[in-house]
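Structural description and commentary
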Amino acid sequence: MSHTDAGAELDPVHPLPVPPARAPGLTHAEVAERLARGEVNDVPVRSSRSLAEIVRANVFTRFNAIIGVLWLVTLFVAPIQDSLFGFVIIANTGIGIIQEWRAKKTLDSLAVIGESRPTVRRDGAATEIATSEIVLDDVLEIGPGDKIVVDGTCVEADGLEIDESLLTGEADPVVKHPGDQVMSGSFVVAGGGAFRAVKVGHKAYAAQLAEEASRFTLVHSELRTGISTILKYVTWMMVPTALGLVVSQLVAKDDDLKDSVARTIGGIVPMVPEGLVLLTSVAFAIGVIRLGRKQCLVQELPAIEGLARVDTVCLDKTGTLTEGGMDVTELRTLDGRPEPYVRQVLGALGESDPRPNASLQAIIDACPDTEEWRCVESLPFSSARKYSGASFSESDGESSTWLLGAPDVLLPEDSPALAETVRLNEQGLRVLLLARAGRELDDPAVASDVTPAALVVLEQRLRPDAADTLRYFADQDVHAKVISGDNAVSVGAVAAKVGLTGAAVDARRLPAERDDLARELDEATVFGRVTPQQKRDMVGALQSRGHTVAMTGDGVNDVLALKDADIGVSMGSGSEATRAVAQIVLLNNSFSVLPSVVAEGRRVIGNITRVATLFLVKTVYSVLLAVLVVCSQVEYPFLPRHLTLLSTLTIGVPAFFLALAPNTERARPHFVRRVMRYAVPGGVVAAVATFVTYLIARHHYTGPQALDAETSAATLTLFLISMWVLAIIARPYTWWRVLLVAAMGAAFLVVLAVPALQQFFALKLVGTAMPWTAVGIAVAASAVLELLWKWVGRRFPV
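Residues numbered from 1 in each chain as written. Predicted model: local features only at pLDDT ≥ 70, side-chain atom pairs only at ≥ 80, totals over all residues. Heavy atoms only, no water.

**Topic: the packing of helix H22 (residues 640-659) against helix H24 (residues 706-729)**
- Interhelical geometry of H22 versus H24 gives an angle of 10° and a closest axis separation of 9 Å. Classed by the angle they form, the pair H22 and H24 counts as roughly parallel. Between H22 and H24, the residues in contact are His-642, Leu-643, Leu-646, Leu-649, Thr-650, Pro-654 and Leu-658 and Thr-711, Thr-715, Leu-718, Phe-719, Ser-722, Met-723, Leu-726 and Ile-729, respectively.
- Grouping the constituent residues of the contact of H22 with H24 by class yields 10 nonpolar, five polar and no charged. (Axes fitted to C-alpha atoms, helices over the stretch in contact; angles between N-to-C directions. Helix = DSSP H or I, 4+ residues; strand = E, 2+ residues; numbered from the N terminus. Parallel < 35°, antiparallel > 145°, perpendicular 65-115°, else oblique. Contact = heavy atoms within 4.5 Å. Nonpolar A, V, L, I, M, F, W, Y, C, P; charged D, E, K, R; others polar.)

**Examining the confidence of the model for the protein**
- For the protein, mean pLDDT is 82; residues scoring 70 or higher make up 91% of the total.
- Below pLDDT 50 for its whole length, residues 1-19 participates in 42 contacts with residues either more than four positions away or in separate chains.
- Overall, residues 210-218 carries pLDDT values under 50, and its contacts beyond four positions in sequence, including any with other chains, amount to 23 contacts. (pLDDT = per-residue confidence, 0-100.)

**Quick word on the side chain of Arg-677**
- Following the sequence through the fold, Arg-677 ends up in helix H23 (residues 671-700).
- Owing to a relative accessible area of 15%, Arg-677 belongs among the buried residues under this scheme. (Buried < 20%, exposed > 50% of the residue type's maximum accessible area, 1.4 Å probe, protein only.)

**Some remarks on the packing of helix H10 (residues 302-309) against helix H21 (residues 594-632)**
- At a closest axis distance of 7 Å, the pairing of H10 and H21 adopts a crossing angle of 95°. The orientation of H10 relative to H21 falls into the category roughly perpendicular. Counted together, Ile-304, Glu-305, Leu-307, Ala-308 and Arg-309 of H10 and Val-597, Val-598, Glu-600, Gly-601, Arg-602, Val-604 and Ile-605 of H21 form the full contact between these two elements.
- By residue class, the composition of the contact of H10 with H21 is seven nonpolar, one polar and four charged.

**Examining the pairing of strand S7 (residues 151-163)**
- Counting buried positions along S7 yields 11 of 13 residues, so the element is predominantly enclosed.
- For S7 and strand S9 (residues 181-182), the ladder comprises two bridges, and the chain directions are antiparallel. Residue pairing across strands places Thr-153 opposite Gln-181, the latter belonging to S9.
- Sheet topology note: the S7/strand S8 (residues 174-175) ladder contains two bridges and is antiparallel. Each residue of the ladder has a partner; that of Glu-161, found in S8, is Val-175. (Pairing = 2+ DSSP bridges.)

**Focus on the nonpolar core**
- Core analysis: the biggest nonpolar cluster contains 129 residues, and Phe-473, Ile-584 and Phe-748 have the highest contact counts within it.
- The element that contributes the greatest number of residues to this core is H21, accounting for 17 residues.
- Those residues within four positions of Ile-584 in sequence are excluded, and the remaining contacts are Cys-296, Leu-297, Ala-303, Leu-307, Ile-567, Gly-568, Val-569, Ser-570 and Val-597.
- Membership of the second largest hydrophobic core comes to 26 residues, among which are Val-189, Ala-524, Met-538 and Val-539. (Core = buried A, V, L, I, M, F, W, Y, C linked by side-chain atoms within 4.5 Å.)

**Quick look at unusual backbone geometry**
- In this structure, Pro-732 follows Arg-731 across a cis peptide bond, with omega equal to -5°.
- For Pro-732, the location among the structural elements is in the loop between H24 and helix H25 (735-753).
- Phi is positive for Gln-295, which is not a glycine, with a value near 60°.
- Structurally, Gln-295 can be placed in the loop between helix H9 (274-293) and strand S11 (296-298).
- On the basis of relative accessible area, Gln-295 is assigned to the partly exposed category, the value being 29%.
- Of note, the phi angle at Asp-477 is positive, near 60°, even though the residue is not glycine.
- Looking at the element boundaries, Asp-477 is found in the loop between helix H15 (466-475) and strand S19 (479-483).
- For Asp-477, a relative accessible area of 45% gives the class partly exposed.

**Some details on the sheet that holds strand S24 (residues 584-586)**
- Read across the sheet, eight strands follow the order S11-S24-S23-S22-S12-S19-S21-S20 without closing on themselves; strand pairing throughout is mixed. This sheet does not close on itself; its edge strands, each paired only once, are S11 and strand S20 (504-506). Across this sheet, the average inter-strand angle for adjacent strands is 20°, counted without regard to direction.
- In this structure, S11 lies alongside S24, joined through three bridges in antiparallel fashion. Counterpart to Leu-297 in the pairing with S24 is Val-585.

If you want it as structure tokens, here you go:
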């Protein structure tokens, strides 16, 4: 709250205070001087990595370094077909760079659309500019929902209240007066005013804490963390196994040096799940591009993953279930007040607030100001108070103080007007009470002594897409909770119109203790009269029950809850503060985009979990085969070309299609455990069966070409088992998945049938006994694998 007469002079004719002169701001010449001195807000706001960072991140990886060295060695000691794995890595890296660059361009273009544009005064006029164009000593105008983008000193305040909780942890808003400090990273919750920039760029408080004040915390990515964990363990396994393989092939066996080197490299290369990182990056990047086409800005990439894990969505009614605008449908006068007088009061109240919310804007449209009343003092609307007010000097010289707000906050429970309000709320209408206050506006108990004057009935416009979106969430087993500051009965009626059932709960009667609050939240669906702090507490209570919570909102009262939720979703037309703290911004304000966002997240997580199993089965059987070779002191059964062929047909090509396919299954936790519980037994079965075939073939074949025949038999067994792994991973079958698996099998048959390809890949099945033995072993191993995976699913559920 603030007096408009703060620092004002008294007019000798009129005893009313005269507002002080507005701070004029800088001139064009003064701005140019500061730009020349570098006193500009030059903190870079980047939505994504630069091209150089993208190239560096995709090229200079641990596994690219390992494979790069092995590739160079192979180029010198073996035929070109044994070097194919290197060209595959180059292609993979190129694909990763191109997709991430496309995603970057999408993000950057959307970020420009969603970027905040603060209002500054220059040459005596208010102008919107980019945040990066603010210079030292600029005067910035602020109002409800605006984020403070640079440090400054308050020069004007009209009921200005600023929330600094994101910086200081202090939950209560701070009332600001001229001369007070304002810090970047805070935001306005009520009132308005202006401040002069005193610290810009990297000197600002928020810039010292982080490059961007809205991103103090990053979304946790279990997928990213899990893959890093897997790669760490793979590296630990690779090093000793590779060393043992090198020694056994170069020292223990007295064979041709170049052939031994080629077979050693053939044993090391498949241990690296190089395509897993690529496919994860590509899946995220394509997700960003797809959502970008729907005007959805993903401010943090892992937010796509987070939404896939969401099981509870907390919705703010206004701006989510309903559109922002409202219409005054009825004015019911009370206490015998004449309607023209009531309309005059409402018009004056509307004029007293320079930044009206949606409710007040509807009143302004219905009751224009006559300019016969003069505002002496104003109290801006606050979500915590649930009312606004103003003191006036009326046209006849009489003074009066009026409040406009929630009837159930301003009236006693036995008031007849309150009973009328309940009947209107049950129809889904929003009702505000206009009341004359018996106390001064700056009295803390001003709301306790009021005389009702009129009920203002407002109709809220339902979003046409709200019902379908909520139906989607219900079908996907995602629980929706409507959390609103409005009257609980009214919110419940609106929720019922869009298909949400259940009793409406008044949040003022909710328990404060977290466990009790969590129980209430689990049982009910609709909550009204929720304060901003309660919204935050509700999110925390749901999270304490193990729920993954998404919060949607567009108002400044949603900021704290958005910040604490696992995923914050803001409307593009929402306040600057909500857009700043949200991980996902719906730029076209379309609530119906949310199912697409959830579906995209589920596609990424579900499919990466699928293909990760494919890659890690290969890693497990490669490591185990190397160990068996070292222990048995025999030649490694494969050349690099064999495993390149197998990897391409059973992993590389099918994984790419599987990773980009639709997937509506809700993501579940424990990514590493879910993947490894199948990858380890799958890899063990494949390695043992392949090595058994290889040992039988060693006893079956003799002569100078025996090793090639042994390799071909072992390759056949490994291919068939890998195809069975692919067939399991591809379930549930659709026509294109069946076609994909069949195409990979047909491609291998072509290699075996065409003499030129036989020679290129050094694959030729000799005789009939051993090839059929290899097939028999593969069939038996596949049956064991099927039974083993079913047992693992029952024995080790996640």
